[in-house]
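Coordinates in review
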Amino acid sequence: MAFQGELGNINLGSVFQNLSQNRLTGTLRLRNGKLVRHIYFRDGQINMFSEGEDSRTPLAGLLVRLGVVEEDEMAKAMKKKRGRASLSQVLSKMGLAKETEIQQAIRTFVLEEIYDLFTWEEGAFEFDEGTAATGVFDTEIVAADLSIDVNEAILEAARRVDEWERINRHLGSKKDIYILRKEREEDARASGDPMVEKVLGYLDGRRTVEAVIRDSELGSYNVCRVLAELIAQRHLRQLSMAELQKEAKSATKEGRYDDADALLDRALEIEHGNVEARRLSAEVKEKLNNREGAAQQYKLAASLLVEAGDAAKAADCLREAVRLQPQDLTARERLYHLLKEVSRGKQARQVALEAAGFCIKMGVHDRAAKLLEDAVESLGADEETEKMLVEVYVAQGRMEKAIAIYKQRAETAIEKGDYPTAVRTYEEVLKLNPADEEARQKISEINSGALERRRRRRKYMFRGVALTIIVVVAIAWQVMETMGRRALGELVPKVEQEILAGNYAGARDILLTFGSGRFGWTRAGRHTKSILRVMQMMRAYENYRQGEEYLKGGRTDLAVQKFREVCSMGCPADFQEKVEKKLSDIEKER
């Protein structure tokens, strides 16, 4: 009988009732992601439970937890367990537990596991009629020969589902770590509930809720119920982000990578943008051989570092991601662009070549071409990059592009005088296009020496032209200098006449006109500027002398006017200071 479906369409209770009402015998397989559970029904009653092949019933922990066997007695029994003898047989033979007690313990275990299945919100089920497959169910389960009423299980599961709603209101993620508040320890233990004491014994500041459930063997429901009550009463607190990171580092050093991984996952749920936690998480996942998860953490850390403006560290993270997942072309391309950004050109080129190589192997030639073209444009052309780019163009059928690269390389070789390389490069052109007459002609010219002769003629011609230009310029300069000196000589008498006549402004205008004219750039033109400065100083000293005479003659106003004219002429600093002091003294005397 084929019976299968999705738990989103039919609830687990209905599945159980269907099997019970039809008194079916067979294995019900439930799957939720990676979780797989098996339940064996016999005549519509629950008979066995398993998490899959090679799963074992935690009988020892169950019997100790339920108080059937003391812990030290169980240790002795475990030592005596040999060969194929089951723990049930050993305990019965030693008189430590009755068969009914063992059966009841296993029944409790099976029911606890089945109750948890009713909390699944999604999953698939499939029922296979007939005898159970060999190796799926533990011998302890088989020996217990259970017969659990389905309705009993459904009713208790329903009650617990309601209870789980209350628990989940107080309890967060099972990846959280809770510790007892020291000031509330006495109140927390006041109930005297042995289950509370057992749970508190595992709250060591290192175990997540998942780890407490796993290590205590108390069952998910019992542990979560106790924790929810303690949280509601404010007896517990969660570890902070800093404490989670500290504990994760400690767990990593001690080699407890599973614990460290769970701690860091929870820390990153709390603080998504913590780069340090992400990098540590990547290291831990790599230790656990989860290369994909580690690479993902490095990529996320790189994105965060880019947002923070630290492209160099982001590039280092992406390099680690590429190391872990060499086939990740997107990560390689991001690494290439980041290395360009931080001016690591040599490394960027190497990454581009490696990424393009992977693209070629995967047949993604468009992507390879785009990457290599960017490398040539941004980092400059080199032989290896262009060689690979030609390979890509040929694979794409873009022969013109490939030939253009070869011809450019050949021309560069000719300019350097490397004719053997140029010939080999043009021969590559002919392999791609045997009808290329330009390449054939170039090879012929190189081999005959015609190209070298033409190159020499051009070189000598260029040298001759350059020398001619230099000579012409030198002659023209010398002519202009001679003409400038002659013109200045003709100008000097006119300037002298104006100075003798006391017309300093006229003399100055004559010199300024000459200095700004066509001879201004010559040495003669530059001499006029020196002459103007000397004239200005002479006029300043003349004004100063007149000011002194006016001052002696008691004509103070005229003296002040002359001294102020001197200050406006831009004289040397010491002379300027002398005149300004003279003006200051006059003002004081007034």
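Because the structure is predicted, anything quoted here is derived from the model rather than measured.

Along its length, the protein chain carries 28 helices and 7 strands. In terms of C-alpha radius of gyration, the protein chain reaches 48 Å, well past the compact-globule figure of 25 Å for 590 residues. Once the C-alpha set of the protein chain is aligned to its principal axes, its extents read approximately 140 × 95 × 45 Å. Working note: accessible area of the protein chain is about 33,200 Å², and carbon and sulfur atoms make up 49% of it. Between the averaged position of the 95 positive side-chain charges in the protein chain and that of its 97 negative side-chain charges there is a distance of 9 Å.

For strand 4 (residues 45–50), the tally of buried residues reaches 5 of 6 residues, placing the bulk of the element in the interior. Two strands pair when backbone bridges link them, and strand 3 (residues 35–42) and strand 4 are joined in this way by 5 bridges, in the antiparallel orientation. Note that in strand 4 the partner of Arg42 across the bridge is Gln45. Linking two consecutive strands that pair antiparallel, namely strand 3 and strand 4, is a turn of 2 residues; a positive phi of about 55° is found at Asp43 within it.

The strand order 1-5-2-3-4 describes an open sheet built from 5 strands, whose pairing is antiparallel. Whereas interior strands pair on both sides, the edge strands pair on one side only; in this sheet they are strand 1 (3–6) and strand 4. Pairs of neighbouring strands in the sheet enclose a mean axial angle of 20°, with direction left out of account. Where strand 2 (residues 26–32) meets strand 3, 7 bridges bridge the pair, whose relative direction is antiparallel.

To continue, consider a positive patch on the surface. On the surface, a cluster of positive charge is contributed by Lys76, Lys79, Lys80 and Lys93. The element that contributes the greatest number of residues to the positive patch is helix 3 (residues 71–80), accounting for 3 residues. Summarising the element assignment, Lys93 is placed in helix 4 (residues 87–94). Residue Lys93 is classed as exposed on the basis of its relative accessible area of 80%.

A cluster of nonpolar residues, Leu467, Val471, Ile475, Val479 and Met483, forms a patch on the protein surface that exposes about 420 Å² of accessible area. Within the secondary structure layout, Val479 lies in helix 24 (residues 450–500).

This part takes up the packing of helix 10 (residues 209–216) against helix 11 (residues 220–232). At a closest axis distance of 9 Å, the pairing of helix 10 and helix 11 adopts a crossing angle of 130°. Between helix 10 and helix 11, the angle is such that the two are oblique. In terms of crossing hand, the pair formed by helix 10 and helix 11 is right-handed. Side by side, helix 10 and helix 11 meet where Val209, Val212, Ile213 and Ser216 of the first sit next to Ser220, Val223, Cys224 and Leu227 of the second. In the contact of helix 10 with helix 11, the residues fall into 6 nonpolar, 2 polar and no charged.

Glancing now at the packing of helix 12 (residues 241–253) against helix 13 (residues 257–270). The geometry of helix 12 relative to helix 13 is characterised by a closest axis approach of 8 Å and an angle of 160° between their N-to-C directions. As summarised for this structure, helix 12 and helix 13 are arranged roughly antiparallel, according to the angle between their axes. For the element pair helix 12 and helix 13, the recorded crossing hand is left-handed. The segment helix 12 lies against helix 13, with Met241, Leu244, Glu247, Ala248, Ala251 and Thr252 engaging Tyr257, Asp259, Ala260, Leu263, Leu264, Arg266, Ala267 and Ile270. Residues of the contact of helix 12 with helix 13, tallied by class, amount to 10 nonpolar, 1 polar and 3 charged.

Turning our eyes to something else, we now look at unusual backbone geometry. At Arg23, a position not held by glycine, the phi torsion is positive, near 50°. The residue Arg23 is located in the loop between helix 1 (12–21) and strand 2 in this model. Even without being glycine, Asn289 reaches a positive phi, approximately 65°. Here Asn289 shows up in the loop between helix 14 (275–287) and helix 15 (291–307).

In the structure shown here, the tally under the stated rule is 7 aromatic pairs. Look at Phe16 and Phe41: their rings are 5.3 Å apart centre to centre, the planes differ by 90°, and that puts the pair in the edge-to-face class. Taken together, the positions of Phe16 in helix 1 and Phe41 in strand 3 put the pair 25 residues apart, joining distant regions of the chain. Phe41 matches Phe16 in its accessibility class, with the two residues each being buried.

What follows covers the environment of Arg485. As for its placement among the helices and strands, Arg485 is situated in helix 24. The residues contacting Arg485, other than those within four sequence positions of it, are Gln478, Arg523 and Ala524.

Tallied over the entire structure, the rule returns 45 salt bridges. Among the ionic pairs, Asp265 bridges to Lys175, the shortest N-O distance being 3.9 Å. Here Asp265 is found in helix 13, whereas its partner Lys175 is found in the loop between helix 7 (150–170) and strand 6 (178–180), with 90 residues between them in sequence. Taking relative accessible area as the criterion, Asp265 reaches 19% and is therefore assigned buried. We note a salt bridge from Glu243 to Arg237, for which the minimum N-O separation is 3.0 Å. Glu243 gets classed as partly exposed once you look at its relative accessible area, which sits at 29%. One continuous salt-bridge network, built from bridges that share partners, spans Asp204, Arg207, Arg214, Asp215, Glu247, Glu254, Arg256 and Asp259.

The biggest cluster of nonpolar side chains holds 49 residues, and the ones touching the most others in it are Phe16, Leu28, Ile39, Ile46, Leu91 and Val110. The dominant element in this core, judged by the number of residues it contributes, is helix 5 (residues 99–117), at 9 residues. For Val110, the residues in contact, after removing those within four places along its chain, are Ile46, Phe49, Ile141, Leu146 and Ile148. Of all hydrophobic cores here, the second largest spans 30 residues; its members include Leu389, Tyr393, Ala413 and Leu451.

On to the environment of Pro572. Considering the arrangement of structural elements, one finds Pro572 in the loop between helix 27 (556–567) and helix 28 (573–589). When the C-alpha positions of Pro572 and Ala248 are compared, they lie 77 Å apart, and in sequence the two are 324 residues distant.

Checked against the element boundaries, Asp261 lands in helix 13. Distance in space between the C-alpha atoms of Asp261 and Ala251 is 9.0 Å, their sequence separation being 10 residues. With near-sequence residues (within four places) excluded, Asp261 lies in contact with Ser281, Val284, Lys285 and Leu288.

Right, let's get into the side chain of Arg266. With respect to the helices, strands and loops of the structure, Arg266 is situated in helix 13. Assessed through its relative accessible area of 14%, Arg266 is described here as buried. Leaving out residues up to four positions away in the same chain, Arg266 has contacts with Ser173, Lys175, Asp176, Gln238 and Leu244.

The rules behind the values
Residues numbered from 1 in each chain as written. Predicted model: local features only at pLDDT ≥ 70, side-chain atom pairs only at ≥ 80, totals over all residues. Heavy atoms only, no water. Helix = DSSP H or I, 4+ residues; strand = E, 2+ residues; numbered from the N terminus. Rg over C-alpha atoms; globule rule 2.2 N^0.38 Å. Areas by Shrake-Rupley, 256 points an atom, 1.4 Å probe, with all protein chains shown as cover. Lys, Arg positive; Asp, Glu negative; His and termini not counted. Charge placed at Lys NZ, Arg CZ, Asp CG, Glu CD. Buried < 20%, exposed > 50% of the residue type's maximum accessible area, 1.4 Å probe, protein only. Pairing = 2+ DSSP bridges. Axes fitted to C-alpha atoms, helices over the stretch in contact; angles between N-to-C directions. Patch = residues over 30% accessible without salt bridge, like charges linked within 9 Å, V, L, I, M, F, W, Y side chains within 5 Å. Salt bridge = Lys/Arg side-chain N within 4 Å of Asp/Glu carboxyl O. Parallel < 35°, antiparallel > 145°, perpendicular 65-115°, else oblique. Left-handed = near helix turned anticlockwise from the far one by under 90°. Contact = heavy atoms within 4.5 Å. Nonpolar A, V, L, I, M, F, W, Y, C, P; charged D, E, K, R; others polar. Phe/Tyr/Trp six-rings, centres within 6.5 Å; stacked < 30°, edge-to-face > 60°. Core = buried A, V, L, I, M, F, W, Y, C linked by side-chain atoms within 4.5 Å.

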